[in-house]
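Architecture and fold: a report
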Number of protein chains: 2
Amino acid sequence: MQKITIVGSGLVGSLLSIYLAKRGHQVNVYERRADLRMNRISAGRSINLALSDRGWRGLAAIGIEHEIRKVAIPMNGRMMHSLDGKLTYQAYGKSGQAINSVSRGGLNCVLMDIAEQHGVKIHFQQRCTGIDLKTATAYFEDDASIKSEVQSDRIFATDGAFSAGRLQMQLSTDQFQYSQSYLEHGYKELTIPPTKDGEYAMDPNALHIWPRSAYMMIALPNLDKSFTCTLFFPHKGEPSFESLNTKEKTMTFFNTMFADAVPMMPTLKEDYANNPSSSLVTVRCFPWRFSDKVLLLGDAAHAIVPFYGQGMNCGFEDCVVLSELMDLHGENWEIIFSECERLRKPDADAIAELALTNFIEMRDKVGQESFLLQKQIEAWFSEKHPDKWTPLYTMVSYSPQIRYSEALREGKKQEGIMQQIMLMPDIKDQWNSSAVENRILELLQ
Amino acid sequence: MQKITIVGSGLVGSLLSIYLAKRGHQVNVYERRADLRMNRISAGRSINLALSDRGWRGLAAIGIEHEIRKVAIPMNGRMMHSLDGKLTYQAYGKSGQAINSVSRGGLNCVLMDIAEQHGVKIHFQQRCTGIDLKTATAYFEDDASIKSEVQSDRIFATDGAFSAGRLQMQLSTDQFQYSQSYLEHGYKELTIPPTKDGEYAMDPNALHIWPRSAYMMIALPNLDKSFTCTLFFPHKGEPSFESLNTKEKTMTFFNTMFADAVPMMPTLKEDYANNPSSSLVTVRCFPWRFSDKVLLLGDAAHAIVPFYGQGMNCGFEDCVVLSELMDLHGENWEIIFSECERLRKPDADAIAELALTNFIEMRDKVGQESFLLQKQIEAWFSEKHPDKWTPLYTMVSYSPQIRYSEALREGKKQEGIMQQIMLMPDIKDQWNSSAVENRILELLQ
């Protein structure tokens, strides 16, 4: 039995604590915030998120997949809203394949409940002020400025994009590779409440996108029949969060650019003025561990932008891989930690890149006919030759057996082929012809 | 008159303090280390460095160019030492153009003396523990753990690659772009003492290089007729600092790879074992300022690897540019700071890239005949058409009127042209023919 400290009781920290407690370890989790369950406070992050197969795999291992399915809303495709309000639908995969809108806070509460049922002790309002890496001693300060230190066998830092554990590695180890890279876009959450009849204002089984090239708005359904909208928008320039600085400018802008959404957003003016705008960061670092003492996991090791809906899924997959390594290597923590960072680093880098690329796809390409046609051809070809072509979105979202790094590599190869296919004469009319099929088969050789 | 705090009394901080004091400001410098001048301690950094024209320009502004010239050793070119001890010389520019080996510590002492003569107060053994960016208040702790705080009108953080000022911006501002990127190579300093007759063991007017593809050793002359050698070598792998872990292995390795140098290095065995190996980092960040209160300059804003010999030169150029902006904008510090980061960021990025590229040139390409021929052609063409072609090395080292970013852009264009020239038939024999001259002229169109 190991004495284990986990810094951060977010989604990844909570899931990890259950994995470790189930193996018989003594697990203490220290969380900077107050107990979500007592206060129903915002975790300062998005209200809902997209759970897909890598995430389900992480939950299945602790037997709560079915419980969470009940509170998840499947989204089978994207619904694009054009400037003039025209709707275009694009399926995310084959029939039955969906990503799932779940409440971040709700899922986090369930995980903390289960963790405590397994004997995990969660200490709230404990800010990590530093870690002595060599002795695996973590230092905390509570909201009354009372300090404490906790020595343990291992420390897992799952304390997110601004990890105190990672900062310690940056400050006190040599050759720590580190970058934090911000997008020029930030985001602001808005809301579409239920209709007067208490129904969803739009199709709840889709992820709604208003692609506007340089920016976009999206909406995901909630169980209470509302949608949470997120406006991804430049911090500065024209238009931007900075430039839309009066209620009048805001309404004029929304009425022009998101005309079909405005009637569904009765509190838009107030929400836009009152809700904060937040930043979008990609964090890359290496190593992820200090000897066999400290390991970074989840956003602490690899924060990514949200455009592939994979942040939590990737963090849960970290836990699955770690669990497999514990099966393989018993108590050899040096090997477990080094294999974990070796295996996961390329996959984390891959999903970081995919997430950045997908922003351009979502805000711009999904509004283009040629792009939609390309995806249609890929889906059609994949249906005919499932052994020869798995669409990138399917690899990332529904194929946990395919590593992110493999998906990225394969996706680039596919993109190269499709660029040639799209140049074929009359591709619009002959998109599902045997000529196209044979040409793809040829290019795949 | 402004009350100004400078964090760090290294080369850039000391020079900057003189610039500011000469303008009548009240300048206090806080330095983490003890006074170099009292202790003659190592600054923990390289013993000598290469001063070139951007650096001279920074010194000329305070009238000490001539004084420093007296203690500088001109190096007019590179002397390559092949495996079998054969020497090949390559001039760094036209006759009379040279980079200059100067003592880092010596130059720093001179600058601190001058600073104090101008009324600058330097406080030693004061570690910066944090900065309140909004109020320009810096917090210090001395070697007896006595704390102090200093509020001023502006703070300049010139505290190097691991800047406390920059860390504060990373920790307490949103959207701070930051990366620290380490090479797989580190370095270790070694020495070639004067001969028994008290003479230089090699030509002192050259920078000596032992290019060995994956690694290299270099040597720069000192005034005491010794050379300081630097081995740039992988941290790990085979061979590496990690693998050369006994005196026997070290000597066998040096006798094989640096055979002609070994007889000149009587203390090699001990130096190798006793001297530390250090890391090589490139730091990029943005912004460099917090409103009109705090500005990062020198390595704090843009630490680079040493392979173009431009680290100090670039930092001194920061001071020159800042000084010009103070001439232009008087006491409008918002404009001075914002213009400084806007102007210098692309140049800092450019020299960072050039420095990384030059490592490959120094450790590998300078050992290849075709590369030396290419440089010979460039020098010949440039001599004939000085208005049409300034070699990259000359732009970077001897042409302070050309911005680093311009030099990088022009250098890439030149490289593209030369790659075509090197493919010309019999280029080895007709390298200085009119056919080659005309082809270059054509490609320059």
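Since the model is a prediction, treat every value here as computed from it, not as a measurement.

Basis of the calculations
Residues numbered from 1 in each chain as written. Chains lettered and ligands numbered in written order. Predicted model: local features only at pLDDT ≥ 70, side-chain atom pairs only at ≥ 80, totals over all residues. Heavy atoms only, no water. Helix = DSSP H or I, 4+ residues; strand = E, 2+ residues; numbered from the N terminus. Rg over C-alpha atoms; globule rule 2.2 N^0.38 Å. Buried < 20%, exposed > 50% of the residue type's maximum accessible area, 1.4 Å probe, protein only. Contact = heavy atoms within 4.5 Å. Areas by Shrake-Rupley, 256 points an atom, 1.4 Å probe, with all protein chains shown as cover. Lys, Arg positive; Asp, Glu negative; His and termini not counted. Charge placed at Lys NZ, Arg CZ, Asp CG, Glu CD. Pairing = 2+ DSSP bridges. Axes fitted to C-alpha atoms, helices over the stretch in contact; angles between N-to-C directions. Parallel < 35°, antiparallel > 145°, perpendicular 65-115°, else oblique. Left-handed = near helix turned anticlockwise from the far one by under 90°. Nonpolar A, V, L, I, M, F, W, Y, C, P; charged D, E, K, R; others polar. Buried area = accessible area lost by both parts, 1.4 Å probe. Salt bridge = Lys/Arg side-chain N within 4 Å of Asp/Glu carboxyl O. Polar contact = N/O pair within 3.5 Å; in protein donor to acceptor, adjacent residues only side chain to side chain. Expected span 1.5 Å × (residues − 1). Domains from an automatic or database assignment. Core = buried A, V, L, I, M, F, W, Y, C linked by side-chain atoms within 4.5 Å. Least-squares fit on C-alpha atoms with pLDDT ≥ 70 in both. Phe/Tyr/Trp six-rings, centres within 6.5 Å; stacked < 30°, edge-to-face > 60°. Lys NZ or Arg CZ within 6 Å of the ring centre and 35° of its normal.

1. Focus: the overall build of chain A
Assigned secondary structure in chain A consists of 15 helices and 19 strands. Relative to the 2.2 N^0.38 estimate, which gives 22 Å for 445 residues, the radius of gyration of chain A is 23 Å and therefore close to what a compact globule would have. The buried share of chain A, taken over its 445 residues, is 56%. Of all intrachain contacts in chain A linking residues separated by at least 6 positions in sequence, the fraction that spans at least 24 positions is 70%. Per element, the accessible surface of chain A, about 18900 Å² overall, is 50% carbon and sulfur. The distance from the centre of the 47 positive side-chain charges to the centre of the 54 negative ones in chain A is 1 Å.

2. Things to note about the sheet that holds strand S9 (residues 126–132) of chain A
Residues and elements named next belong to chain A. An order of S9-S10-S11 is seen for the three strands of this open sheet, with the pairing classed as antiparallel. Each edge of the sheet is formed by a strand with only one pairing partner; in this case those strands are S9 and strand S11 (147–151). Geometrically, the sheet is characterised by an average inter-axis angle of 25° between neighbouring strands, direction not taken into account. Relative to strand S10 (residues 137–142), S9 runs antiparallel, the two being bridged by six bridges. Across the sheet, residue Asp132 finds its bridge partner in S10, namely Thr137.

3. Some points on the packing of helix H10 (residues 311–329) of chain A against helix H11 (residues 333–363) of chain A
Residue and element names in this part refer to chain A. Where H10 meets H11, the axes come as close as 9 Å, and the angle between the chain directions of the two elements is 150°. Classed by the angle they form, the pair H10 and H11 counts as roughly antiparallel. The handedness of the crossing between H10 and H11 is right-handed. Facing Cys314, Glu317, Asp318, Val321, Leu322, Leu325, Met326 and His329 of H10, the residues of H11 in contact are Trp333, Ile335, Ile336, Glu339, Cys340, Leu343, Arg344 and Ile351. Looking at the contact of H10 with H11 residue by residue, the class counts come to eleven nonpolar, one polar and four charged.

4. Observations regarding the interface of chain A and chain B
One frequent convention defines the size of an interface as the accessible area lost when the parts assemble. Contacts between the two partners involve 14 residues from chain A, matched on the other side by 14 residues from chain B. Around 1300 Å² of area is buried between chain A and chain B when both sides are counted, 39% of it from carbon and sulfur atoms. Applying the counting criterion to the chain A and chain B interface returns zero salt bridges. Counting across the chain A and chain B interface gives 13 residue pairs in polar contact (both at pLDDT 80 or more). Looking at the side of chain A that touches chain B, the elements that each hand over two or more residues are helix H6 (164–172) and strand S13 (177–192) of chain A. Ranked by the residues each element gives to the side of chain A that touches chain B, the list is headed by S13 of chain A, at six residues. Its residues assigned to classes, the side of chain A that touches chain B shows five nonpolar, eight polar and one charged.

5. With respect to H10 of chain A
Side chains three or four residues apart in an α-helix point the same way, a direct result of the helix having 3.6 residues per turn. Residue and element names in this part refer to chain A. Counted at 1.5 Å a residue, the expected span for H10 with its 19 residues is 27 Å, and the 27 Å between its end C-alpha atoms agrees. With 14 of 19 residues buried, H10 is to be regarded as a mostly interior element. Backbone geometry just after H10 places Gly330 at a positive phi near 55°.

6. Details of the domain arrangement of chain A
All names here are of chain A. Segmenting chain A into domains produces domain 1 (3–75 + 98–180 + 281–359), domain 2 (183–279) and domain 3 (368–444). Listed by partner, the interface residues are 19 residues for domain 1 and 14 residues for domain 3. Carbon and sulfur atoms make up 55% of the area that domain 1 and domain 3 hide from each other, which totals about 1600 Å². Linking domain 1 with domain 3 are two salt bridges, by the criterion used here. Close ionic contact of Asp347 with Arg403 constitutes a salt bridge, the shortest N to O distance being 2.8 Å. Connecting domain 1 to domain 3 are ten residue pairs in polar contact (both at pLDDT 80 or more). When residues of the side of domain 1 that touches domain 3 are traced back to their parent elements, those giving at least two are helix H3 (53–60), H10 and H11. Broken down by element, the side of domain 1 that touches domain 3 gets its largest block of residues, eight residues, from H11.

7. A few points about the nonpolar core
For soluble globular proteins, nonpolar side chains are generally found buried alongside one another. In this structure, Leu59, Leu111 and Phe156 of chain A together with Leu59, Leu111 and Phe156 of chain B are the most contacted members of the largest nonpolar core, which totals 146 residues. Among residues more than four places away in sequence, those in contact with Phe156 of chain A are Ile4, Thr5, Ile6, Val7, Leu16, Leu20, Leu295, Leu297, Leu322, Trp333 and Phe337 of chain A. Counting 38 residues, the second-largest nonpolar core is a separate cluster that includes Leu207, Phe307, Val366 and Val396 of chain B.

8. What about the relation of the copies chain A and chain B?
Superposition of chain A onto chain B requires a rotation of 180° combined with a translation of 0.0 Å along the rotation axis, giving an RMSD of 0.0 Å. Look at the turn and shift together and you get a two-fold axis relating the two. Looking at the rotation axis and the C-alpha trace of chain A, the residue lying nearest is Ser179 of chain A, at 2.0 Å. The share of interface residues of chain A whose copies in chain B are also at the interface is 100%, consistent with both copies meeting through the same surface.

9. Side note on the pairing of strand S14 (residues 206–211) of chain A
Residue and element names in this part refer to chain A. Within S14, six of the six residues are buried, leaving the element largely enclosed by the surrounding structure. Taking every second residue as pointing to the same face, both faces of S14 are buried, with Ala206, His208 and Trp210 on one and Leu207, Ile209 and Pro211 on the other. Strand direction decides the pairing type here: strand S5 (residues 77–81) and S14, joined by four bridges, are parallel. Residue Met80 lies in a different strand from S14, and its bridge partner there is Ile209. Sheet analysis places S14 next to strand S15 (residues 216–221), joined by four bridges and oriented antiparallel. Across the sheet, the residue bridging to Trp210 is Met217, located in S15. Linking S14 back to S15 in an antiparallel pair, the connection comprises four residues, with Ser213 at a positive phi of about 70°.

10. Comments concerning the packing of aromatic side chains
All names here are of chain A. Overall, the coordinates contain 49 aromatic pairs over all chains when judged by the stated rule. On the numbers, 4.8 Å between centres and 65° between planes, the contact of Phe232 with Phe307 is edge-to-face. Within this pair, whereas Phe232 is found in strand S16 (residues 227–234), its partner Phe307 is found in the loop between helix H9 (299–302) and H10, the two being separated by 75 residues in sequence. Taking the relative accessible area as the measure of exposure, Phe232 reaches 4% and is therefore buried. A relative accessible area of 4% means that Phe307 is categorised as buried. When the ring of Phe232 is compared with that of Phe359, the centres are 6.3 Å apart and the planes differ by 65°; the resulting orientation is edge-to-face. Taken together, the residues span a long stretch of sequence, with Phe232 in strand S16 and Phe359 in helix H11 at a distance of 127 residues. Residue classification places Phe359 among the buried residues on the basis of a relative accessible area of 3%. Cluster of aromatic residues (ring-pair linked, three or more members): Tyr215, Phe233, Phe241, Phe253, Phe254, Phe258 and Tyr272. Seen from the ring of Tyr404, Arg54 lies directly overhead, with NZ or CZ sitting 4.1 Å from the centre.

11. Re helix H1 (residues 11–22) of chain B
Residue and element names in this part refer to chain B. Given a rise of 1.5 Å per residue, twelve residues ought to cover 16 Å, and the 17 Å separating the end C-alpha atoms of H1 matches this to within 8%. Counting buried residues along H1, eleven of its twelve residues qualify, which places the element largely inside the surrounding structure. Looking only at H1, the buried set comprises Leu11, Val12, Gly13, Ser14, Leu15, Leu16, Ser17, Ile18, Tyr19, Leu20 and Ala21. Looking one or two residues past H1, Gly24 carries a phi angle of roughly 95°, positive in sign.

12. As for the packing of helix H14 (residues 404–421) of chain B against helix H15 (residues 434–444) of chain B
Residue and element names in this part refer to chain B. Their axes nearest at 10 Å, the elements H14 and H15 cross at an angle of 140°. Viewed along their axes, H14 and H15 adopt a mutual orientation that is oblique. Crossing angle aside, the handedness with which H14 passes H15 is right-handed. For the pair formed by H14 and H15, the contact residues are Lys413, Ile417, Met418, Gln420 and Ile421 on the first element and Val436, Arg439, Ile440, Leu443 and Leu444 on the second.

13. Digging into the side chain of His81 of chain A
Residue and element names in this part refer to chain A. By secondary structure assignment, the location of His81 is in strand S5. In this structure the side chain of His81 is engaged in a polar contact, spanning 3.5 Å, whose partner is the side chain of Trp210. Beyond its immediate chain neighbours, meaning those up to four positions away, His81 contacts Lys86, Leu87, Met202, His208, Ile209, Trp210, Pro211, Arg212 and Asp260.

14. Looking at unusual backbone geometry
With an omega dihedral of 0°, the bond running from Glu238 of chain A to Pro239 of chain A counts as a cis peptide bond. Structurally, Pro239 of chain A can be placed in the loop between S16 and helix H7 (247–257). Between Phe286 of chain B and the following residue, Pro287 of chain B, the backbone shows a cis peptide bond with an omega angle of 0°. Positionally, Pro287 of chain B belongs in the loop between strand S17 (277–286) and strand S18 (289–290). Although it is not a glycine, Ala136 of chain B sits at a positive phi angle of roughly 50°. Within the secondary structure, Ala136 of chain B is located in the loop between strand S9 (126–132) and strand S10 (137–142). By relative accessible area, which is 0% here, Ala136 of chain B ends up buried.

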